[in-house]
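# Structural characterization, general
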Amino acid sequence: MSDLVVYGSPVSPFGRKVEATLIEKGIDYDFEAMSFIEPTEEFLTISPLRRIPIIRDRSVGTEGAQGTIADSSAICGFIEKKHPEPALYPADSYQYGRALFIEEYSDANLAPIAGGGIFRSIFFSLMQGKEPDVEAARKAWHEKLPPMLTYLDSQIEGEFFFGGQVTVADISVTCTLMQAMLVAEIDLSPWPKLAAHMEMMRQRDSIAEPYEKAEQFIRNALPERISLA
Ligand SMILES: N[C@@H](CCC(=O)N[C@@H](CS)C(=O)NCC(=O)O)C(=O)O
């Protein structure tokens, strides 16, 4: 049994961000499915914001809220302190602050559109036995995402957001954009640096392995990605 257990779902981009962080660092972890849709007593105890993912450090506590942390950004910061190598945050103080900002930009700005606007409009409708809300997804893709993608494209320095090092910023943006790619055809070619970044990141085991689990789940309900053209 590992010290660390992640509670959540591979379908959550925030859960995959936490898994990617652990995989990049080569840390063993356990995974336990937990849903916010049918909340258990345990979920209500360990997730004050009623969200997934949550992590538990069993060396701190094995029951109740003791040993648990909710929120992917808090979790990734905790993992970095517990297992500093390889570092997933820039050493330079300014770059460190910038990496936190890109992470927050992705979690708070991009996720509601790529996840809420595209993924949920299509997949949650299907799960409720309704037709996918393709119009809402199209609006998100054509009207809301482009300025965000233009901003992110402008922030990439070379291979990664910050020089030669994969950081939490690369992981967050990739996991979030890939949420839209689970259900829709997403063409990033108007943003060439972001497109190249995505291609490079999705080859990494840390991104590919959790995404593969999400993909298996989604393809059962939605065999083909939807065109938003
Ligand atoms: N800021 C949180 C966001 C987590 C989040 O929104 N998770 C979604 C699943 S992807 C959730 O649990 N949503 C609960 C709901 O919609 O009620 C984090 O970074 O962990």
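Position numbers for residues count from 1 along each chain, tracking the sequence in the order it is written. In keeping with the predicted nature of the model, local features appear solely for residues at pLDDT of at least 70, side-chain atom pairs appear and are counted solely at 80 or more, and the whole-chain, interface and lining totals rest on all residues. Only heavy atoms go into the side-chain values, all of them from the structure, while hydrogens and water stay out.

The next thing to look at is the sheet that holds strand β1 (residues 4-8). Note on pairing: DSSP must find at least two bridges between two strands before they are called paired. Each helix corresponds to a stretch of at least 4 residues labelled H or I by DSSP, and each strand to a stretch of at least 2 residues labelled E; elements are numbered beginning at the N terminus. The sheet built from four strands is open, its strands ordered β2-β1-β3-β4 with mixed pairing. What marks the edges here is a single partner per strand, and that holds for β2 (30-33) and β4 (68-70). Averaged over all pairs of adjacent strands, the angle between strand axes in this sheet comes to 20°, irrespective of strand direction. Sheet analysis places β1 next to β2, joined by four bridges and oriented parallel. From the neighbouring strand, G8 faces β2, where its bridge partner is A33. Every angle, taken between N-to-C directions, lies between 0 and 180 degrees, and every axis is a line fitted to C-alpha atoms, over only the stretch in contact when it is a helix.

Okay, the packing of aromatic side chains next. The description of an aromatic ring pair rests on the distance of the ring centres and on the angle between the ring planes. Aromatic contacts are taken between Phe, Tyr and Trp rings whose centres are within 6.5 Å, Trp giving its six-membered ring; a plane angle under 30 degrees counts as stacked, one over 60 as edge-to-face, and the others as tilted. Taken as a whole and assessed by the stated rule, the structure comprises eight aromatic pairs. Considering the side-chain rings of F119 and F124, the 6.3 Å spacing of their centres and the 70° angle between planes classify their relative orientation as edge-to-face. Relative to W191, the ring of W141 lies with its centre 6.2 Å away and its plane at 70°, an arrangement referred to as edge-to-face. Of this pair, W141 sits in helix α5 (residues 134-155) while W191 sits in the loop between α6 (168-181) and α7 (192-202), and the two are 50 residues apart along the sequence. Relative accessibility decides the category of a residue: with a 1.4 Å probe and only protein chains considered, values under 20% of the type maximum give buried, values over 50% give exposed, and everything between is partly exposed. Judged by relative accessible area, W191 falls into the buried class, the value being 10%.

Let us now look at the environment of D187. Its location among the elements puts D187 in the loop between α6 and α7. Accessibility expressed as a relative area gives 45% for D187, which makes it partly exposed. For D187 and G115, which are 72 residues apart along the polypeptide, the C-alpha to C-alpha distance reads 16 Å. A distance of 2.7 Å separates a polar atom in the side chain of D187 from a polar atom in the side chain of S189. Polar contacts, as counted here, are pairs of nitrogen or oxygen atoms within 3.5 Å of one another; within protein the pair requires one atom able to donate a hydrogen and one able to accept it, and residues that are adjacent in sequence qualify only if both atoms are side-chain atoms.

In this structure, P53 follows I52 across a cis peptide bond, with omega equal to 5°. With respect to the helices and strands, the residue P53 is situated in the loop between α2 (41-46) and β3 (54-57). E85 connects to P86 through a cis peptide bond whose omega is -15°. If you trace the backbone, P86 turns up in the loop between α3 (72-82) and α4 (93-127). One non-glycine residue, R50, adopts positive backbone phi at about 60°.

Annotation comment: domain bounds sourced from an automatic or database domain assignment. With domains assigned, the protein is organised as domain 1 (4-82) and domain 2 (93-221). A C-alpha centroid distance of 21 Å is found between domain 1 and domain 2. Defined in terms of a 1.4 Å probe, buried area is the accessible area two parts forfeit on being brought together, summed over both. Summed over both sides, the interface of domain 1 with domain 2 buries roughly 1,600 Å², with 66% coming from carbon and sulfur. Taken as a group, V11, R16 and E24 account for 37% of the area that domain 1 buries against domain 2, more than any other trio of residues on that side. By definition here, a salt bridge exists when the distance from a side-chain nitrogen of Lys or Arg to a carboxyl oxygen of Asp or Glu is within 4 Å. Our enumeration of links across domain 1 and domain 2 arrives at four salt bridges. Run the count over domain 1 and domain 2 and you get 10 residue pairs in polar contact (both at pLDDT 80 or more). Looking at the side of domain 1 that touches domain 2 element by element, the count peaks at nine residues for helix α1 (residues 13-24). Grouping the constituent residues of the side of domain 1 that touches domain 2 by class yields eight nonpolar, four polar and four charged. Classes in brief: Ala, Val, Leu, Ile, Met, Phe, Trp, Tyr, Cys and Pro nonpolar; Asp, Glu, Lys and Arg charged; the others, Gly included, polar.

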